Amino acid sequence: MYRVAARPRPGRPRLERPAPPVVVALRRLPNPRLTGLGAGLFASAVMLVIGFLDWLVLDGSPLAFGLLFLPVSALTALWVRTADLVTAPISVPIAFAVGVVPISGGTGGVGGQAMALVTALAVHAGWLYGGTLVAGVIASVRKVRDMGRRQRAAAAAGVGKPVRPVRRPAPERG
């Protein structure tokens, strides 16, 4: 069948397979690195725009809002900086709450709007948990990959090997 060589032979060029078209297309997408605050603002702004568009076009369809929340959660977790990965699963539910305000449908002043918002958050908790789970899984996988990459780099540099402390005999008393 297929032979896998441990090392390429000297003097012979190693033949690389071309990347699949899906991978090539994904590499062309933008790859911004947002801070934790920037990722939260990005998700909140996008969800607010989605909420208003959903309210205008689809009369506040919770299914469309929830389905569009999942890719926003994934993009937020993908685009946040490695140092701020912990903020992705935190900012995504806040963005959901911001975006659900236009489609909550409250009437009767501030109290009516607040009750409609709380009710909408309770009714659509499945989408909220799903998007938070998506962001959490992506952030966790990115963190584990980064930890492995750092560990390999440290091992290649010879850093991180345990150093035994030098034990000296205790001075004699007396």
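Counting restarts for each chain: residues are numbered from 1 in the order of the written sequence. Owing to the predicted nature of the model, reporting of local features is limited to residues with pLDDT of at least 70; listing and counting of side-chain atom pairs is limited to 80 or more, with chain, interface and lining totals taken over all residues. Note that water and hydrogens are dropped before the side-chain values are worked out from all heavy atoms of the structure.

### Focus on the nonpolar core
Counted only if it meets this: As used in this record, nonpolar core signifies buried Ala, Val, Leu, Ile, Met, Phe, Trp, Tyr and Cys residues forming a set joined through side-chain atoms within 4.5 Å. Partly exposed residues are those whose accessible area sits between 20% and 50% of the maximum for their type, while under 20% is buried and over 50% is exposed, using a 1.4 Å probe and protein chains only. Counting from the N terminus, the helices are DSSP H or I runs at least four residues long and the strands are E runs at least two residues long.
Formed by 20 residues in total, the largest nonpolar core has its most connected members in Met47 and Phe65. At the level of elements, α2 (36–57), α3 (62–79), α4 (88–104) and α6 (125–157) are the ones that each hand at least two residues to this core. Top element by residues in this core is α4. It accounts for six residues.

### Focus on a nonpolar patch on the surface
What counts, and what does not: Patch definition: residues above 30% relative accessible area lacking any salt bridge, with like charges linked at up to 9 Å and the nonpolar side chains Val, Leu, Ile, Met, Phe, Trp and Tyr linked at up to 5 Å. Values of accessible area rely on a 1.4 Å probe in the Shrake-Rupley scheme; residue burial ignores everything except the protein chains shown. Salt bridges are defined by distance alone: a side-chain nitrogen of Lys or Arg within 4 Å of a carboxyl oxygen of Asp or Glu.
On the surface, a cluster of nonpolar side chains totalling about 1200 Å² of accessible area is made up of Leu48, Val49, Phe52, Leu53, Trp55, Leu56, Val57, Leu58, Val86, Ile90, Ile94 and Val98. For the nonpolar patch, the elements supplying multiple residues, two or more each, are α2 and α4. With seven residues, the top contributor of residues to the nonpolar patch is α2. Here valine 49 is to be found in helix α2. Residue classification places valine 49 among the partly exposed residues on the basis of a relative accessible area of 48%.

### Overview of the environment of glutamine 113
Mapped onto the elements of the fold, glutamine 113 is located in helix α5 (residues 109–123). For the pair formed by glutamine 113 and valine 101, sequence separation is twelve residues and the distance between their alpha carbons is 8.2 Å.

### Some points on the packing of α4 against α6
The condition that has to hold: Working convention: axes come from line fits to C-alpha atoms, limited for helices to the stretch in contact. Angles between N-to-C directions cover 0 to 180 degrees. Geometric relationships in this document are graded by angle, where less than 35 degrees denotes roughly parallel, more than 145 denotes roughly antiparallel, 65 to 115 denotes roughly perpendicular, and other angles denote oblique. For any pair of crossing helices, the crossing counts as left-handed if the nearer helix is rotated counterclockwise from the farther one by less than a right angle, and right-handed if it is rotated clockwise. The contact definition used throughout considers only heavy atoms, calling two residues in contact when any of these lie within 4.5 Å. Gly falls in the polar group here, along with every residue not listed as nonpolar (Ala, Val, Leu, Ile, Met, Phe, Trp, Tyr, Cys, Pro) or charged (Asp, Glu, Lys, Arg).
Relative orientation of the contacting elements α4 and α6 amounts to 155°, with a least axis distance of 8 Å. It follows that α4 is roughly antiparallel to α6 by the angle criterion. Where α4 crosses over α6, the handedness of that crossing is right-handed. On α6, the residues that touch Ala88, Pro89, Val92, Pro93 and Phe96 of α4 are Trp127, Leu128, Gly131, Thr132, Ala135, Gly136 and Ala139. Taken together, the residues of the contact of α4 with α6 sort by class into nine nonpolar, three polar and no charged.

### Things to note about the side chain of arginine 142
Rules: Lys and Arg are tallied as positive, Asp and Glu as negative. Neither His nor the chain termini are counted. Two N or O atoms form a polar contact when they lie within 3.5 Å of each other; inside protein one atom must be a possible hydrogen donor and the other a possible acceptor, and for residues adjacent in sequence the pair counts only when both atoms belong to side chains.
Within the fold, arginine 142 resides in helix α6. Although arginine 142 is buried, it forms no salt bridge, and the closest oppositely charged side chain is aspartate 146 at an N-O distance of 7.8 Å. At 3.2 Å, the side chain of arginine 142 and the backbone oxygen of leucine 78 are in polar contact. Setting aside residues up to four positions removed in sequence, arginine 142 forms contacts with Arg33, Ala77, Leu78, Trp79, Val80, Arg81, Thr82 and Leu85.

### Regarding the confidence of the model for the protein chain
Under the convention used in this document: The pLDDT score gives, residue by residue, the confidence of the prediction method on a 0 to 100 scale.
This prediction gives the protein chain a mean pLDDT of 82; 86% of its residues lie at or above 70. Taken element by element, the predicted model of the protein chain shows its lowest mean pLDDT in helix α1 (residues 21–28) (76) and its highest in α2 (91).

### Quick word on the packing of aromatic side chains
What counts is decided by this rule: For Phe, Tyr and Trp, where Trp contributes only its six-membered ring, two rings pair if their centres lie within 6.5 Å, and the inter-plane angle classes them as stacked under 30 degrees, edge-to-face over 60, or tilted in between.
This structure, assessed with the given rule, holds four aromatic pairs. Judged by centre distance (6.5 Å) and plane angle (70°), the rings of phenylalanine 52 and tryptophan 55 are edge-to-face. Taken together, the residues phenylalanine 52 and tryptophan 55, both in helix α2 and three residues apart, mark about one turn of the helix. Take phenylalanine 52: its relative accessible area is 40%, and that puts it in the partly exposed class. Joined through ring pairs, the aromatic side chains of Phe65, Phe69 and Phe96 make up one cluster.

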